[in-house]
Amino acid sequence: MKRPVFPTRAARLLSAWVVLVLMSLPVPVPAAATTVLLLGDSLSSGYGLDGAGWVEMANRQLAEKGAGIRIVNDSISGDTTAGGLARIEDGIGRTDPDWVMIELGGNDGLRGVRPSVIEDNLRRMVEISESRGIRAMLLGIRIPPNYGKIYTERFAQVFENVSADKGVPLLPFFIGELALDPGYMQPDMIHPNDAAQPLIRDRVVAFLVSVLND
């Protein structure tokens, strides 16, 4: 039977030193997430829903995929482009985002605000973001034809104009064809229901990832 071999004092000291060195090494951490500040209205705030809205669903999906993207939802039901313009600097100061995603204008359109005013407010929000070194993107909106064809078309063009003028990415009418399907809309036919949320999530996440990887 072999005699047990006990480590020498020098060996024990060396082993302890190795442990201390390993403990002192920096622990690798994941790359910092890209923070996207979302300025939106009831379409993004979860109005009328029983469960999670598309923004919460998007954050879960992005986290599961390890995408390193986090959306900070600063959406307020009933908000307008004027409201967004008034609070964008505070939102930027609170969240220090890498991007600002603007989803506003629907309430302006429902109130018949002049398209030129809506366009100016959106443009100024983009300019405020850019002046702080933050890039912006737009989620386009469309409205029911309550105010007639001319107004409705001019309203829809607002988002195209700002995107082209300022060179910012645009997801045209981010709700898409869901707005025409009663099965995906609340009774008011303005707000998407719970069944629509994962579909909106998929549209916006695909857009967002494409923009950030461009």
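This text goes with the structure placed above it.
Residues numbered from 1 in each chain as written. Predicted model: local features only at pLDDT ≥ 70, side-chain atom pairs only at ≥ 80, totals over all residues. Heavy atoms only, no water.

S.K.: So what exactly am I meant to see when it comes to the packing of aromatic side chains here?
M.R.: The way to describe two aromatic rings as a pair is by their centre distance and the angle between their planes. Counting across every chain of the model gives three aromatic pairs. Between Tyr147 and Tyr151, the ring centres sit 5.4 Å apart and the planes meet at 55 degrees, which makes this aromatic pair tilted. (Phe/Tyr/Trp six-rings, centres within 6.5 Å; stacked < 30°, edge-to-face > 60°.)

S.K.: How should the side chain of Arg123 be read in this particular structure?
M.R.: Positionally, Arg123 belongs in helix α6 (residues 115-131). The class of Arg123 is buried, set by a relative accessible area of 18%. Within the structure, the side chain of Arg123 is placed 2.8 Å from the side chain of Glu119, a separation counted as a polar contact. (Helix = DSSP H or I, 4+ residues; strand = E, 2+ residues; numbered from the N terminus. Buried < 20%, exposed > 50% of the residue type's maximum accessible area, 1.4 Å probe, protein only. Polar contact = N/O pair within 3.5 Å; in protein donor to acceptor, adjacent residues only side chain to side chain.)

S.K.: Sorry, what's going on with unusual backbone geometry here?
M.R.: Residues other than glycine predominantly adopt negative phi, and peptide bonds predominantly adopt the trans conformation. We note that Asp96 has phi near 45 degrees; this positive angle belongs to a residue other than glycine. Mapped onto the secondary structure, Asp96 falls in the loop between α4 (81-95) and β3 (99-103). For Asp96, a relative accessible area of 63% puts it in the exposed group. Phi at Phe173 is positive, roughly 40 degrees, even though this residue is not glycine. Summarising the element assignment, Phe173 is placed in the loop between β5 (170-171) and α8 (197-212). On the basis of relative accessibility, which here comes to 17%, the residue Phe173 falls in the buried class.

S.K.: Would you take a moment to explain the sheet that holds β5 for this structure?
M.R.: Paired through their backbone hydrogen bonds, the strands of a sheet run either parallel or antiparallel. The five strands are arranged β2-β1-β3-β4-β5 in an open sheet whose pairing can be described as parallel. The sheet is open, and its two edges are formed by β2 (69-73) and β5, each paired on a single side. Pairing analysis gives two bridges linking strand β4 (residues 135-139) to β5, with the strands arranged parallel. Residue pairing in the sheet places Leu139 in a bridge with Leu171 of β5. Sitting on the sheet, helix α3 (residues 54-64) touches β1 (34-40), β2, β3 and β4, and the angle it makes with β2 is about 160 degrees. Along the sheet face, α8 touches β1, β2, β3, β4 and β5 and points at about 155 degrees away from the line of β4. (Pairing = 2+ DSSP bridges. Contact = heavy atoms within 4.5 Å. Axes fitted to C-alpha atoms, helices over the stretch in contact; angles between N-to-C directions.)

S.K.: Help me understand the environment of Leu104 in this model?
M.R.: Its location among the elements puts Leu104 in the loop between β3 and α5 (106-110). Overall, Leu104 belongs to the buried group, its relative accessible area being 0%. The sequence separation of Leu104 and Ile141 amounts to 37 residues, and the corresponding C-alpha distance is 7.6 Å. Discounting chain neighbours no more than four positions away, the residues touching Leu104 are Leu39, Gly40, Asp41, Asp79, Thr80, Thr81, Gly84, Leu122, Met125, Ile141 and Phe159.

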